[in-house]
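Analysis of the macromolecular model
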Amino acid sequence: MIYSLHGTLVEKTADMAVVECAGVGYCVSIPSSTAGALPAVGQTCTLYTYMNVTENDVSLFGFADKESQAMFRLLTAVSGVGPKAGLAILSVLSPARVVLAVQGGDHKAFTAANGVGPKLGQRIVLELKKNADVERLKNLLYKKTRLEDTFGVNMLAIADGRPELLGLKDII
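As the structure is a computational prediction, the values presented were derived from the model and not from experiment.

Some thoughts on the overall build of the chain
Looking only at helices and strands, the chain features 7 helices and 5 strands. The order of α-helices and β-strands along the chain, N terminus first, is β-β-β-α-β-β-α-α-α-α-α-α. Here the chain, with 172 residues, has 40% of them falling under the buried criterion. Restricting to contacts in the chain with at least 6 residues of sequence separation, those with at least 24 account for 48%. Accessible surface, the chain as shown: approximately 9400 Å² in total, 53% of it carbon and sulfur.

So this is what it looks like as structure tokens:
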């Protein structure tokens, strides 16, 4: 398995990047959120990857940070969510927003992604709600972004523009 690539960004589009490492160019499928986080062509970059092996194909999927990589693994573990749907979800939802949607039972948030309908959105919420790895990822995101202030207010929902999840709609 290839965990990450560090090298020169040779080419970049909204859904693909080519990173040259030690003279070898690796074509990596990426969500649009990662495309926006990449530097200009010719600059050095790091992509955290997931290697998908099927009987007909070997594909690399790349992410700007470890949290997105971990969320991609969680999403693709859900029945019916393949790598393309996982990329589509992470193109429209950040890992923090996925955690919020799962915790709040907001299956409609997932339908904003291409190829994800209401039934699949419900399955994602149901399967990830019972997944202990989502809790670990939530804790990692929580620590990384200092989501709780001194008064104990969850800042993730506020930063995500969803204060109504906390009952803070009238305060903000």
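Focus: the pairing of strand β2 (residues 16-21)
Burial runs high along β2: 5 of the 6 residues are buried. Counting the residues in the hairpin turn of strand β1 (residues 4-12) and β2 gives 3 residues. Relative to strand β3 (residues 24-29), β2 is paired through 6 bridges, and the arrangement is antiparallel. Note on β3: the bridge partner recorded for Val 19 is Tyr 26. Counting the residues that bridge the hairpin from β2 to β3 gives 2 residues, and of these Ala 22 lies at a positive phi of roughly 55 degrees.

Topic: the nonpolar core
Ranked by size, the top nonpolar core spans 27 residues in total, and within it Leu 75, Ile 89, Val 98, Phe 110, Val 116, Ile 124 and Leu 128 carry the most contacts. For Val 98, the contacting residues outside a window of four places in its chain are Met 71, Leu 75, Ile 89, Leu 93, Phe 110 and Leu 128. Within the second largest apolar cluster, 12 residues are counted, among which are Leu 9, Cys 21, Val 28 and Leu 47.

About the criteria used
Residues numbered from 1 in each chain as written. Predicted model: local features only at pLDDT ≥ 70, side-chain atom pairs only at ≥ 80, totals over all residues. Heavy atoms only, no water. Helix = DSSP H or I, 4+ residues; strand = E, 2+ residues; numbered from the N terminus. Buried < 20%, exposed > 50% of the residue type's maximum accessible area, 1.4 Å probe, protein only. Contact = heavy atoms within 4.5 Å. Areas by Shrake-Rupley, 256 points an atom, 1.4 Å probe, with all protein chains shown as cover. Pairing = 2+ DSSP bridges. Core = buried A, V, L, I, M, F, W, Y, C linked by side-chain atoms within 4.5 Å.

Read these as geometric descriptors, not functional statements.
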